[in-house]
Amino acid sequence: MKGGIFCTLILKLALIYAVLAGKEPCGLTTQCLESITVSRELRKEGFHRELVTSVQCVSGFPDTLHTLLIEQMPREIYMDPYQLASEEQETGLQVLLDSDIDLEAPAYVSSGFSALVYPLQGLSCSRCFQATVPIHCRYQRPSGSGDRGELIHIQSPKLLLRAPSCESWASPPIPFMLRPVYMAALHRP
């Protein structure tokens, strides 16, 4: 299909560590925060993918820890609010979007957006959380210059934690560092 776009995956699995410089918000000790690992992967092929983010808290965390991922998505990607509503009914995964999403708009007339993602707690691991969020590539501007496409950078999420004794979310002052996840939106000649 001339002018069509297909997406391919360039993925780098990420591992992150939190360091809290001796502070203990809501009983979350430095040792607890240093034991956090977060990994990301992109599943499936084509325009329709799944962005999977896993959070594992190894030691010293309360059994009822709550997690929140704040995602900043680029304009080349969208999340379908109807699909997210269906996912919530089927799996319980909650994703809240900060703006209306035009499902038909191409990337060059769209805007980026934020999403609040509440990962689900693992059934076999009380300190494991995972969010599998469906994402979709937008059509790119047709290229007459012979360009093969664009590399789409999906930023690392911000991770917030809340223990049962907390009334607010805690975020380490030193940001988590993830290797980026990329998708390539390629133009077909």
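As the structure is a prediction and not an experimental result, all values here were calculated from the model.

Q: Tell me about empty space enclosed by the protein, residues and numbers included.
A: One way to see where empty space is left: roll a probe the size of a water molecule over the atoms. A complete count under the given rule lists one cavity of 30 Å³ or more for this structure. Estimates place the volume of the largest cavity at around 30 Å³. Listing elements by their share of the lining of the largest cavity, those giving two or more residues are α2 (81–91), β6 (94–97) and β9 (128–137). Among the residues making up the lining of the largest cavity, the classes are represented as four nonpolar, two polar and one charged.

Q: Let's hear about the sheet that holds strand β4 (residues 66–73): which residues, and what values?
A: The strand order β6-β7-β4-β11 describes an open sheet built from four strands, whose pairing is antiparallel. If you trace the sheet from one side to the other, it starts and ends with β6 and β11 (158–162), each paired once. Adjacent strand axes in the sheet meet at a mean angle of 20° when their direction is disregarded. Both β4 and β11 contribute to a ladder of five bridges, which runs antiparallel. Within the sheet, the bridge partner assigned to L68 lies in β11 and is L160.

Q: Before we move on, can you summarise the layout of surface pockets with the specific residues and values?
A: Within this model, the largest pocket holds a volume of roughly 240 Å³. Looking at the largest pocket, it is lined by 16 residues, and the ones nearest its centre are E50, E87, L93, T132 and V133. Residue assignment for the lining of the largest pocket shows that the elements contributing at least two residues are β3 (48–57), α2, β8 (120–121) and β9. Among the elements that make up the lining of the largest pocket, the one with the highest residue count is β9 (six residues). A per-class count over the lining of the largest pocket returns five nonpolar, seven polar and four charged.

Q: Provide a residue-level description of the nonpolar core, including the pertinent values.
A: Grouped together as the largest cluster of nonpolar side chains are 30 residues, with contacts concentrated most on I36, M79, V95, V117, V133 and I135. Only β2 (36–43), β3, β4, β5 (77–78), β7 (113–118), β9, β10 (149–154) and β11 provide two or more residues apiece to this core. Considering each element in turn, this core owes the most residues, five residues, to β9.

Q: Describe the confidence of the model for the chain, listing the residues and the values that go with them.
A: Per-residue confidence for the chain gives a mean pLDDT of 74, with 66% of residues at or over 70. For residues 1–23, every residue scores under 50 in pLDDT, and the model assigns this stretch 83 contacts once sequence neighbours within four places are set aside.

Q: So what about α2? Which residues, and what values?
A: You can read the cap of α2 off the contacts: a side-chain oxygen lies 2.8 Å from the backbone nitrogen of Y82, and it is on D80. Looking at the residues trailing α2, positive phi occurs at G92, about 95°.

Q: I'd love a proper account of the pairing of β3, names of residues and values included.
A: Residues in a regular strand project their side chains so that they alternate between the two faces of the sheet. Sheet analysis places β2 next to β3, joined by eight bridges and oriented antiparallel. Paired with R43 across the two strands is E50, which belongs to β3. Between the end of β2 and the start of β3, which pair antiparallel, lie four residues, with K44 showing a positive phi angle near 75°. By the bridge criterion, nine bridges tie β3 to β9 in an arrangement that is antiparallel. Paired with S54 across the strands is Q130, a residue of β9.

What counts, and where the lines are drawn
- Residues numbered from 1 in each chain as written.
- Predicted model: local features only at pLDDT ≥ 70, side-chain atom pairs only at ≥ 80, totals over all residues.
- Heavy atoms only, no water.
- 1 Å grid on protein atoms, 1.4 Å probe; cavity = no way out; pocket = protein on both sides within 12 Å on 5 of 7 lines; lining within 4 Å.
- Points joined across faces, edges and corners; volume = space filled by probe spheres on them.
- Helix = DSSP H or I, 4+ residues; strand = E, 2+ residues; numbered from the N terminus.
- Nonpolar A, V, L, I, M, F, W, Y, C, P; charged D, E, K, R; others polar.
- Pairing = 2+ DSSP bridges.
- Axes fitted to C-alpha atoms, helices over the stretch in contact; angles between N-to-C directions.
- Core = buried A, V, L, I, M, F, W, Y, C linked by side-chain atoms within 4.5 Å.
- Buried < 20%, exposed > 50% of the residue type's maximum accessible area, 1.4 Å probe, protein only.
- pLDDT = per-residue confidence, 0-100.
- Contact = heavy atoms within 4.5 Å.
- Polar contact = N/O pair within 3.5 Å; in protein donor to acceptor, adjacent residues only side chain to side chain.

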